Amino acid sequence: MSGIESEDKNWQHIFKLIEGQFKQRDIDIFYRYFGLNGYNKEKGKDIAKVFGVSAQMVTGIVQMIIRELKKDKKAMELLRDLQSSYNESLMIDVMNLDKE
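Here is a short report on the structure shown in this document. Note that residues are indexed from 1 along each chain, following the sequence as it is written. Local features in this predicted model are restricted to residues of pLDDT 70 or higher, and side-chain atom pairs are both shown and tallied only at a pLDDT of 80 or more, whereas totals for entire chains, interfaces and linings draw on every residue. Excluding hydrogens and water, the side-chain values take into account all heavy atoms of the structure.

This part covers the overall build of the chain. Helix and strand assignments follow DSSP, with helices taken as H or I runs no shorter than four residues and strands as E runs no shorter than two, numbered in order from the N terminus. A count of helical and extended segments in the chain gives five helices and zero strands. Each helix (α) and strand (β) of the chain, taken in turn from the N terminus, gives the series α-α-α-α-α. Residues are treated as being in contact if the distance between any of their heavy atoms lies within 4.5 Å. Excluding contacts between residues fewer than 6 apart, the proportion of contacts in the chain whose partners are at least 24 apart in sequence is 49%. Residue burial considers only the protein chains on display, and all accessible areas are found by Shrake-Rupley using a 1.4 Å probe. Total accessible area computed for the chain in this model is approximately 7,200 Å², and 52% of it derives from carbon and sulfur atoms.

Written as structure tokens, this is what we have:
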């Protein structure tokens, strides 16, 4: 299995966990917040406007789903990899600021 196939399989595992436990509204909020499963990444305040909820509620929903994902070993590993990639991309952005 190639790395891409393995990653796709991991994402499918995460999506199945989320979609099996949460209401569609919460799922859509989570996917929009992180830009997952075909959604573009959006800010919490913009998501809140779309769903007619507060930005704090959006944050609470995202945190609730992450807490559930942390209970699953495979999901937790993928979340750690995502965090590491995110931190690396932030560092690249910061380093590129000096070049501008």
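Now that the structure is up, let's keep going.
This part takes up helix 3 (residues 44-51). Residue pairs three or four apart in sequence face the same way in an α-helix, which turns once every 3.6 residues. Buried means the residue's accessible area, taken with a 1.4 Å probe over protein chains only, is under 20% of the maximum for its type, while exposed means over 50%, and partly exposed covers the values in between. Taken residue by residue, helix 3 has Gly44, Ile47 and Ala48 as its buried positions. Taken down its axis, helix 3 places every buried residue within 105° of arc, on the same side. The exposed set on the far side of helix 3, more than 90 degrees from its buried face, consists of Lys45, Lys49 and Val50. Check the buried side of helix 3 and you find it contacts helix 2 (24-34) and helix 4 (55-69). One or two positions beyond helix 3, positive phi appears at Gly52, with a value near 65°. Note that the arc is computed from the directions linking the helix axis to the C-beta atoms.

A separate point is the packing of helix 2 against helix 4. A fitted line through C-alpha atoms represents every axis, and for helices the fit uses only the stretch in contact; the resulting angles, taken between N-to-C directions, go from 0 to 180 degrees. Viewed as axis vectors pointing N to C, helix 2 and helix 4 meet at an angle of 95°, and their least axial separation amounts to 9 Å. In this view, helix 2 runs roughly perpendicular relative to helix 4, as classed from their interaxial angle. On helix 4, the residues that touch Arg25, Asp26, Ile29, Phe30, Tyr33 and Phe34 of helix 2 are Met57, Val58, Ile61, Val62, Met64, Ile65, Ile66 and Leu69. For this classification, Asp, Glu, Lys and Arg are treated as charged, while Ala, Val, Leu, Ile, Met, Phe, Trp, Tyr, Cys and Pro are nonpolar and the rest, including Gly, are polar. A per-class count over the contact of helix 2 with helix 4 returns 12 nonpolar, no polar and two charged. For classification purposes, angles smaller than 35 degrees are called roughly parallel, those larger than 145 roughly antiparallel, those between 65 and 115 roughly perpendicular, and all remaining angles oblique.

Further remarks concern the packing of aromatic side chains. In this analysis, rings of Phe, Tyr and Trp, with Trp reduced to its six-membered ring, are considered paired at centre separations within 6.5 Å, and the interplanar angle assigns stacked below 30 degrees, edge-to-face beyond 60, and tilted for intermediate values. Evaluation of the coordinates by the stated rule reveals six aromatic pairs. Ring centres of Tyr33 and Phe34 lie 5.0 Å apart, and the angle between their planes is 75°; on these two criteria the pair is classed as edge-to-face. Assessed through its relative accessible area of 27%, Tyr33 is described here as partly exposed.

Turning next to the pattern of salt bridges. We count a salt bridge whenever a side-chain nitrogen from Lys or Arg sits within 4 Å of a carboxyl oxygen from Asp or Glu. One pass over the structure, following the stated rule, counts three salt bridges. Note that Glu42 and Arg32 form a salt bridge whose closest N and O atoms lie 3.1 Å from each other. Highlighted residues: Glu42 in the loop between helix 2 and helix 3 and Arg32 in helix 2, separated in sequence by 10 residues. Residue classification places Glu42 among the partly exposed residues on the basis of a relative accessible area of 24%.

Scope: geometric values only; no functional claims are made or implied.
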